[in-house]
Amino acid sequence: MRAIFTPELRKKMAIDFIFRENNANNWATIVLVVSLLILATARLLKENSFQRFIALLVSDKYLIIAQKQRPISSVFNMLLTLFQLLSLGLFIHIVVKQFYAISDGTDAILLLQVITICFLFTLGKFLVERIIGVVFSMETLMDEYLFCKLSYRNYLGMLVLPMNGLLLYAFPNSEIAVVIFGSVLILGNLLSLVLVFKMYSKLIFGQLFYFILYLCTLEIAPYYILYKLFEV
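The model shown is predicted, which means the values in this text are computed figures rather than measured ones.

What counts, and where the lines are drawn
- Residues numbered from 1 in each chain as written.
- Predicted model: local features only at pLDDT ≥ 70, side-chain atom pairs only at ≥ 80, totals over all residues.
- Heavy atoms only, no water.
- Helix = DSSP H or I, 4+ residues; strand = E, 2+ residues; numbered from the N terminus.
- Buried < 20%, exposed > 50% of the residue type's maximum accessible area, 1.4 Å probe, protein only.
- Areas by Shrake-Rupley, 256 points an atom, 1.4 Å probe, with all protein chains shown as cover.
- Patch = residues over 30% accessible without salt bridge, like charges linked within 9 Å, V, L, I, M, F, W, Y side chains within 5 Å.
- Salt bridge = Lys/Arg side-chain N within 4 Å of Asp/Glu carboxyl O.
- Contact = heavy atoms within 4.5 Å.
- 1 Å grid on protein atoms, 1.4 Å probe; cavity = no way out; pocket = protein on both sides within 12 Å on 5 of 7 lines; lining within 4 Å.
- Points joined across faces, edges and corners; volume = space filled by probe spheres on them.

**Q** So what exactly am I meant to see when it comes to the overall build of the protein chain here?
**A** Assigned secondary structure in the protein chain consists of nine helices and zero strands. Taken from the N to the C terminus, the helices and strands of the protein chain come in the order α-α-α-α-α-α-α-α-α. By the burial criterion, 38% of the 232 residues in the protein chain qualify as buried. For the protein chain, the accessible surface area stands at approximately 14,200 Å², while carbon and sulfur atoms represent 72% of it.

**Q** How should I be thinking about a nonpolar patch on the surface in this particular structure?
**A** Where nonpolar side chains cluster on the molecular surface, the patch consists of Leu57, Val58, Leu191 and Val194 and spans about 410 Å² of accessible area. Topologically, valine 58 is positioned in the loop between helix H2 (47–54) and helix H3 (61–66). Classification of valine 58 by relative accessible area gives exposed; the value is 75%.

**Q** What's the story with the pattern of salt bridges in this structure? I'm lost.
**A** Between side chains of opposite charge, a pair can form when the charged atoms approach closely. Tallying each qualifying case throughout the model produces three salt bridges. Linking glutamate 129 and lysine 125 is a salt bridge whose minimum nitrogen-to-oxygen distance equals 3.4 Å. Of this pair, glutamate 129 and lysine 125 both sit in helix H5 (residues 107–135), four residues apart, which is roughly one turn of that helix. Of the two residues, glutamate 129 and lysine 125, neither departs from the other in class, the shared state being buried. Between arginine 130 and aspartate 143 there is a salt bridge, and its shortest N-O distance comes to 3.0 Å. Placement of arginine 130 in helix H5 and of aspartate 143 in helix H6 (residues 139–170) is noted, with a sequence separation of 13 residues between them. Given the relative accessible area of 26%, arginine 130 is considered partly exposed. Its relative accessible area of 10% is what places aspartate 143 among the buried residues.

**Q** Teacher, can you tell me more about the environment of tyrosine 152 here?
**A** Turning to its location among the elements, tyrosine 152 is positioned in helix H6. Along the primary structure tyrosine 152 and asparagine 189 are separated by 37 residues, whereas in three dimensions their C-alpha atoms are 8.1 Å apart. Residues contacting tyrosine 152, with those up to four places away along its chain left out, are Leu56, Leu63, Ser192, Leu195 and Val196.

**Q** Would you take a moment to explain the layout of surface pockets for this structure?
**A** A volume near 1,500 Å³ is recorded for the largest pocket. The wall of the largest pocket is formed by 45 residues, among which Leu88, Ile92, Phe121, Tyr223 and Leu226 lie closest to the centre. Looking at the lining of the largest pocket, the elements with two or more residues in it are helix H4 (75–99), H5, H6, helix H7 (175–199) and helix H9 (208–231). Of all the elements, H4 adds the most residues to the lining of the largest pocket, at 12 residues.

What follows is the structure, encoded as structure tokens:
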């Protein structure tokens, strides 16, 4: 048996393995570079807004200044949202690939599917919430609320980017790292919701029943459905 695995054969097998690993990570490198380019473009577009944005966790100055305009449909906010979706889509793809058998040849296809689902999910949820605002004649308030929530999600996208780099190149195929980073992301998402709800606490406690209905319908049920979709 030892004679079969000659030094030349072992060397060839090692080279082939490295080549396959590099091919498998090509798509990830492209997504990471594109994400960084989008983030850099947003910073060049509005450097002052970007500086306030990266301080969002410790200061709400970005939200206060931006809400005086129409920030939710601005190019700056759209770029940050696109960046978030790419980062989140890549992270979900890494998680799916970690726990399910995915061939290298379908990596790019799976990544495209995941990003598309994330985009359609975010867009659909956003449109439903906007429609609710129109129906109840509270468009301005809903726009402010959605912008606050989206801003915190975009901020989380900045945290997901280095996580993706670590999972791909520092801790490849590490279930422990995936679980740890996934837990951090979930806690970060919950914290962002708490911060947003705190900003609108007076309105929430004044309409507690409708808030609970909204929370179950648009903040819990959609993510459960999305989880089941990826599980299938």
